[in-house]
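# Coordinate analysis (summary)
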Amino acid sequence: MQDFLSESDHRLRDLLAYGMAAEAGHTLPREGVDGLRRAADAELEAHAFRLMHNQAEAIRRQAMDEQLARLPRGLSFTGVVAANLVAVALGIALLLAASLAFPDWSAGLVEQVGQLLARATTRS
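Residues numbered from 1 in each chain as written. Predicted model: local features only at pLDDT ≥ 70, side-chain atom pairs only at ≥ 80, totals over all residues. Heavy atoms only, no water.

### Considering the overall build of the protein
Counting secondary structure elements, the protein contains four helices and zero strands. In the protein, the succession of helices and strands from N to C terminus is α-α-α-α. Contacts spanning at least 24 positions in sequence make up 37% of the contacts within the protein whose residues lie at least 6 apart. As presented, the protein carries roughly 10,400 Å² of accessible surface, and 63% of it is formed by carbon and sulfur atoms. (Helix = DSSP H or I, 4+ residues; strand = E, 2+ residues; numbered from the N terminus. Contact = heavy atoms within 4.5 Å. Areas by Shrake-Rupley, 256 points an atom, 1.4 Å probe, with all protein chains shown as cover.)

Structural data, given as structure tokens:
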């Protein structure tokens, strides 16, 4: 164990290297300890990168959820149906007002719509 311990700044790396040696199940020469330290450094860096990447993803997802919560809700199905009914009612009211204001125009429009419907039914 003493071969693995170095400065206190690298205690985690040294403990991981010692654990890797214990997992291998044999004692190593001094050169092997340095190799295990390098392997432990690489493992710790990879772990830190994965952890940072996952944290960034969680922060990004949380920010997206907060932004979506701030957006106004869209119309529900009932709201869309009600809006369409109001639009149809306004269209009918406008046609009725136009037919009362301009009776000649409305008679010609009704005649043209009738001819269009007659042509459409004869083609089928």
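### Examining the pattern of salt bridges
Here the structure, examined in full by the defined rule, presents two salt bridges. Put simply, E57 and R60 hold a salt bridge, and the shortest N to O gap is 3.0 Å. Taken together, the positions of E57 and R60, both in helix α2 (residues 30-70) and three residues apart, correspond to about one turn of that helix. When its relative accessible area of 27% is taken as the criterion, E57 is described as partly exposed. For E57, the salt bridge goes to R61, with nearest N and O atoms at 3.2 Å. One end of the pair is E57 and the other is R61, both in helix α2 and four residues apart, which spans about a single turn. (Salt bridge = Lys/Arg side-chain N within 4 Å of Asp/Glu carboxyl O. Buried < 20%, exposed > 50% of the residue type's maximum accessible area, 1.4 Å probe, protein only.)

### Quick notes on the packing of helix α3 (residues 77-101) against helix α4 (residues 103-123)
Orientation of α3 relative to α4, taken along the N-to-C sense of each, is 120°, at an axis distance of 5 Å. It follows that α3 is oblique to α4 by the angle criterion. Side by side, α3 and α4 meet where L95, A98, S99, L100 and A101 of the first sit next to P103, W105, S106 and L109 of the second. Residue composition of the contact of α3 with α4, grouped by class: seven nonpolar, two polar and no charged. (Axes fitted to C-alpha atoms, helices over the stretch in contact; angles between N-to-C directions. Parallel < 35°, antiparallel > 145°, perpendicular 65-115°, else oblique. Nonpolar A, V, L, I, M, F, W, Y, C, P; charged D, E, K, R; others polar.)

### Re the environment of S106
As for its position among the elements, S106 is in helix α4. Taking the relative accessible area as the measure of exposure, S106 reaches 13% and is therefore buried.

### Describing a nonpolar patch on the surface
A grouping of L95, F102, W105, L109, V113 and L117 is seen on the molecular surface, where their side chains present a nonpolar patch of about 590 Å² in accessible area. Here the nonpolar patch gets four residues from one element, more than from any other, and that element is α4. Accessibility expressed as a relative area gives 43% for W105, which makes it partly exposed. (Patch = residues over 30% accessible without salt bridge, like charges linked within 9 Å, V, L, I, M, F, W, Y side chains within 5 Å.)

### Overview of helix α1 (residues 11-24)
For α1, spanning 14 residues, the distance from its first C-alpha to its last is 20 Å, which sits close to the expected 20 Å at 1.5 Å a residue. Within the span of α1, buried status applies to R13, D14, A17 and A21. Around the axis of α1, the buried residues are gathered within 100° of arc, so they sit on the same side. More than 90 degrees from the buried face of α1, the exposed residues found are L12, A22 and E23. (Expected span 1.5 Å × (residues − 1). Arc of directions from axis to C-beta.)

### Some points on the confidence of the model for the protein
Across the protein, the average pLDDT comes to 84, with 88% of residues at or above 70. Mean pLDDT across the elements of the protein bottoms out in α1 (78) and peaks in α3 (93). (pLDDT = per-residue confidence, 0-100.)

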